[in-house]
Amino acid sequence: MKYYIFLILSLILFVSCSTEESEDVKTFQSGQEYRTQIDSILAIMTLEEKVGQMTQFTSSWDVTGPAIDENYKSHIKAGRVGSVFNAHSAGYTRELQKIAVEETRTGIPLIFGYDVIHGFKTIFPISLGEAASWDLEIIEQSSRIAACEASAAGLHWTFAPMVDVSREPRWGRISEGAGEDPYLGSKIAVARVRGFQGDDLKDITTVVACAKHFIAYGEPQAGRDYHTVDISERTLRDIFLPPFKMALEAGVGTVMTAFNEYDGMPATGSRYLLTDLLKDELNFKGFIVTDYTSINELVPHGVARDEKDAARLAVIAGADMDMQGGTYMENLVQLVEEGEVDLALVDEAVRRILEIKFKLGLFEDPYRYSDEDREKATIMKPEYVEAARNIGRKSIVLLKNDSAILPLENITGRIALIGPLGNTNEVLGSWHGAGNYDHAVSLFKGLKENAPKGVSIQYAKGVDVANNDRSGIDQAVALALQSDVVILALGESEHMGGEAASRAQIGIPGAQMALFDAIKATGKPIIVVLMNSRPLAIPQLDEQADAILETWFLGTQAGNSIADVIYGKYNPSGKLPVTFPRSLGQVPIYYNSKNTGRPLNPMEKYTSRFLDESNDPLYPFGYGLSYTSFGYSDLTVEKATYQMDEEIRISVKVSNFGDRKGEEVVQLYVRDLVGSVTRPVRELKGFQKILLEPGQSRFLSFVLTQKDLAFTTKSMEFKAEPGDFKFWVGGSSTADLTGNFNIEK
Ligand code: NOJ
């Protein structure tokens, strides 16, 4: 108590004469702010208290892994905890904060974290789905709303965005990221960090973001979660690093380690990754939190003898806060006393953690986020729910639409809604924060409540998502036979996505395809509504359904968002952020692959191909249809030859040839034809989402700089190389309108 009063007094003095109030995103990374205040705090802290700041425990709510120590309240009281996660609500966070502030010797406030991945109470589409909108404004908006709600419920910190690039559909966590592309992933990372953190963390409607998982977690072998990652340094830097770099540039306050190894060393124990690369080379000044018990896991990984050794490795690597493992709490004091760990490392970690607490204003008022009135007034405001509906519909991708069967605009007859995902409110998606199923709009509800006059909708489940019980198929067929059109809601349950939810098969599970066959046999037109967390291999649906809508898991307003698209109130504009394979055997399959020395030639056996499968994906990256049609023409590049430091200007005319307004994602791809190392066949280097009225045309231009063309060269320098380049502009990664330019030596 004594020390707490001392702190307050000194802080009033320091804060009142500091000029840090107007800090912006750039100074956020400086690491110099609050130095004097932090020095004065460090000076009074015991080693045990310092280690306490480096320790994080989960509350008993929402536990997502092995709970090592449930007695977290007594640890808080003893000054052994710097952060609590999975505790929220203004009331509960106040109660815990009170223990830290009033009952510990230093009175240093806790920082409360939580996985606010795609919404807190108002749930937005899963991140992969939201990425399909290619709409940076709405992505920032959803993170902003999530931050407003979470911060009103006492939270200071979200473990998001997950910026792991992934080219692995078997991996359940592909749902949490922005897909397979480093460029799109980087843009989305920035939008999400901005949305969560705003311009100033002192604003109580913001939360600190956390870029995770550092690094390469998205490429586990066979897609099995937590499995080994074995990639080259070049792939690490060119594919997995860019979204982290951009999140850092946007001022992200924290980074989380990954469970996987890189080059034989688990990320959590890797000094190369955490200190040399992240803190030194990329100049990251925030703090690093480990993933859940990942320090302890250095033991089964086989790089530490026991947990003490694991704690030593992690702290030397540069991991500032131990999430849930208790390894720092149990061992760090002794490790310092024995001379195994330098005290300076502990001080450095504590500095980083305290700096974030200062930035959040917690030393000025530790309870500023724990305000019940604000919480009540903020959670699920009507405008947030409306935004979720809009963001949901913008995330839907129209994969097929034969004979323009969609939209069902002027329909008057009977619709049969069939399938296990048709009448469920489990549409929030994995990692749905504190979202409540009671608030979720099922597809059935959405279709009924938004139906045009004279339309009747009946529902039959047919089968479950994942078992082989076919007893409901007859009833579903009978309903189809009495109807004019069938909407068939198929896919995965939401629990098949997210952490520890890898699948060895990526088709439609259970007896759902038997249901599809039975409905197909009725001869009724079929509109498939897919709900799923990953790319699925669905060649039969592609061949036999009349229309397919990819709706991911859209969150609280799912049913209304889908209804808007089905009934034509919104013209779909989503584009795939990830390749959909034809079959599992094609995996990994992604658009920015290498050419190989024997690229496919269908007339030649000895070229890179399968005997029993095409090389082409079912749906390529960047693909998605609209109810209108767009045309591209007049592609020009300002000059044929450029100097390295010049801007390259490319322009194109995009036209809406249909009779309905619509949005199009105009995409620019580039290929560096000859490099000091092999280069991808195409790389996304720009995109713009535009709205065109019927018959309207617009000229768009893209500007490329050497930064856009940079890659990790043979000498491991990150730079562009002179030479010939080819580019394409169009509505997907298979765009064929093309041009060339050259960069002179
Ligand atoms: C483990 C997950 O890998 C990570 O993403 C998450 O933030 C933590 N658990 C905390 O829930």
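In case you missed it, the structure is sitting above this.
Remarks on the pattern of salt bridges
Pairs can form between side chains of opposite charge once their charged atoms are near each other.
Line of reasoning, step 1. Inspection of the entire model under this criterion finds 36 salt bridges.
Line of reasoning, step 2. Measuring nitrogen to oxygen at the nearest pair gives 2.6 Å for the salt bridge that ties glutamate 492 to arginine 503. With a gap of 11 residues between them, glutamate 492 in the loop between β14 (485-491) and α21 (512-520) and arginine 503 in the loop between β14 and α21 connect regions that are remote in the sequence. Summarising the burial analysis for this pair, glutamate 492 and arginine 503 share the class buried.
Line of reasoning, step 3. A salt bridge links arginine 679 to glutamate 683, with the nearest nitrogen and oxygen atoms 3.1 Å apart. Like arginine 679, the residue glutamate 683 is buried in the burial classification.
Line of reasoning, step 4. Residues joined in a network through salt bridges with shared partners are Asp672, Arg679, Glu683 and Lys685.

Topic: the packing of helix α14 (residues 307-317) against helix α15 (residues 327-337)
Line of reasoning, step 1. Relative to each other, α14 and α15 sit at 80°, their axes nearing to 9 Å. When the axis of α14 is compared with that of α15, the two are roughly perpendicular. Residues Glu307, Lys308, Ala311, Arg312, Ala314 and Val315 of α14 touch α15, and the partners they reach there are Thr327, Tyr328, Asn331, Leu332, Gln334 and Leu335.
Line of reasoning, step 2. Its residues placed into classes, the contact of α14 with α15 shows six nonpolar, three polar and three charged.

Here we look at the side chain of serine 483
Line of reasoning, step 1. Checked against the element boundaries, serine 483 lands in the loop between α20 (473-481) and β14.
Line of reasoning, step 2. By relative accessible area, serine 483 is classed as buried at 3%.
Line of reasoning, step 3. A polar side-chain atom of serine 483 sits 2.7 Å from the main-chain carbonyl oxygen of leucine 479.
Line of reasoning, step 4. Here serine 483 is in contact with Arg414, Ile415, Ala416 and Lys524, once residues within four sequence places are set aside.

Considerations on the sheet that holds strand β12 (residues 414-418)
Line of reasoning, step 1. Overall, mixed pairing links the six strands, which are arranged β11-β16-β15-β14-β12-β13 in an open sheet. A strand with exactly one partner marks an edge of an open sheet, and here the two such strands are β11 (397-401) and β13 (456-460). With direction set aside, neighbouring strand axes in the sheet form an average angle of 20°.
Line of reasoning, step 2. As defined by bridge partners, strand β15 (residues 526-531) adjoins strand β16 (residues 547-550) across four bridges and the pair is classed as parallel. Looking across to β16, one finds that valine 528 is bridged to isoleucine 548.

Criteria and thresholds
Residues numbered from 1 in each chain as written. Predicted model: local features only at pLDDT ≥ 70, side-chain atom pairs only at ≥ 80, totals over all residues. Heavy atoms only, no water. Salt bridge = Lys/Arg side-chain N within 4 Å of Asp/Glu carboxyl O. Helix = DSSP H or I, 4+ residues; strand = E, 2+ residues; numbered from the N terminus. Buried < 20%, exposed > 50% of the residue type's maximum accessible area, 1.4 Å probe, protein only. Axes fitted to C-alpha atoms, helices over the stretch in contact; angles between N-to-C directions. Parallel < 35°, antiparallel > 145°, perpendicular 65-115°, else oblique. Contact = heavy atoms within 4.5 Å. Nonpolar A, V, L, I, M, F, W, Y, C, P; charged D, E, K, R; others polar. Polar contact = N/O pair within 3.5 Å; in protein donor to acceptor, adjacent residues only side chain to side chain. Pairing = 2+ DSSP bridges.

By themselves, these are just geometric observations and shouldn't be taken as functional.
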